[in-house]
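# Structural overview
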Amino acid sequence: MAYSKNSPAGQAIDAIITDLPSLMAVAVVDVQSGMALASHSNTPSINPETAAAYNTEVVKQKQKAMAALKLQGETIEDILITLTNQLHLLKLNPGGTKFIYLVVNSRDTNLAIAREVLRSHAASIN
């Protein structure tokens, strides 16, 4: 998906690409619809729009689990999925209405740096 650098989602994607040039894929996703508002992939085998839709379900199910557990005053900050060679991070914006989906190679990227990059851009996607 091409993205507009004029939208908050596109600006966030552009900034994340600058901060993590070795990323595999990134998308800004609307939690309600599961649609990618902007996305980019450096890896032809990763379609960030498809991943956005499936990972929206991960976020929604975790939100349902938290409601069922009556976790008062808690919000999801991020979700980490560790694969054999990849890290998939979902970072929600402060309102929980959107998230940044990031895929990096676990050998090429420091997890703490990736999380800090996402943290620094999450508020901008409101």
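Keep in mind that this is a model prediction, so the values were computed, not measured. (Residues numbered from 1 in each chain as written. Predicted model: local features only at pLDDT ≥ 70, side-chain atom pairs only at ≥ 80, totals over all residues. Heavy atoms only, no water.)

### Overview of the overall build of the chain
Basically, it comes down to this: Counting from the N terminus, the helices are the DSSP runs of H or I reaching at least four residues and the strands are the DSSP runs of E reaching at least two. To get the radius of gyration, use the C-alpha atoms; to get the globule rule, take the number of residues to the power 0.38 and multiply by 2.2 Å. In this analysis, two residues are considered to be in contact whenever any of their non-hydrogen atoms come within 4.5 Å of each other. In this tally, Lys and Arg are treated as positive and Asp and Glu as negative; His is ignored, and so are the chain termini. Taken as the charge centre is NZ of Lys, CZ of Arg, CG of Asp or CD of Glu, depending on the residue.
Helix and strand counts for the chain come out as three helices and five strands. When the helices and strands of the chain are listed from N to C terminus, the series reads α-β-β-α-β-β-β-α. Relative to a compact globule of 126 residues, whose C-alpha radius of gyration would be 14 Å, the chain shows 14 Å and is just as compact. Its C-alpha atoms put the chain at 40 × 35 × 25 Å along the principal axes. Expressed as a percentage of contacts within the chain between residues at least 6 apart in sequence, the contacts between residues at least 24 apart total 50%. Of note, the chain has its 10 positive side-chain charges centred 6 Å away from the centre of its 10 negative side-chain charges.

### Considerations on unusual backbone geometry
Even without glycine at this site, K70 takes up a positive phi of about 55 degrees. Examined against the element boundaries, K70 turns out to sit in the loop between α2 (48-68) and β3 (78-82).

### Re the sheet that holds strand β2 (residues 36-41)
Rules: In short, DSSP must find at least two bridges between two strands for them to pair. In this analysis an axis means a line fitted to C-alpha atoms, helices contributing only their contacting stretch, and an angle means the value between N-to-C directions, from 0 to 180 degrees.
Reading across from one edge, β2-β1-β5-β4-β3 is the order of the five strands in this open sheet, with antiparallel pairing throughout. A strand with exactly one partner marks an edge of an open sheet, and here the two such strands are β2 and β3. Strand after strand, the sheet turns through a mean of 10 degrees between neighbouring axes, direction not considered. Here strand β4 (residues 86-92) runs beside strand β5 (residues 98-105); their pairing, made up of seven bridges, is antiparallel.

### Digging into the pairing of strand β1 (residues 25-30)
Put simply, the test is: Only protein chains enter the accessibility calculation, which uses a 1.4 Å probe. A residue is then buried if its area is under 20% of the maximum for its type, exposed if over 50%, and partly exposed in between.
The element β1 is extensively covered by neighbouring structure, given that six of its six residues are classed as buried. Of the two faces of β1, the one lined by A25, A27 and V29 and the one lined by V26, V28 and D30 are each fully buried. Pairing between β1 and β2: five bridges, direction antiparallel. Directly across from V26, in β2, lies its bridge partner H40. Hairpin connection of β1 to β2: five residues between the antiparallel strands, including G34 at a positive phi of 80 degrees.

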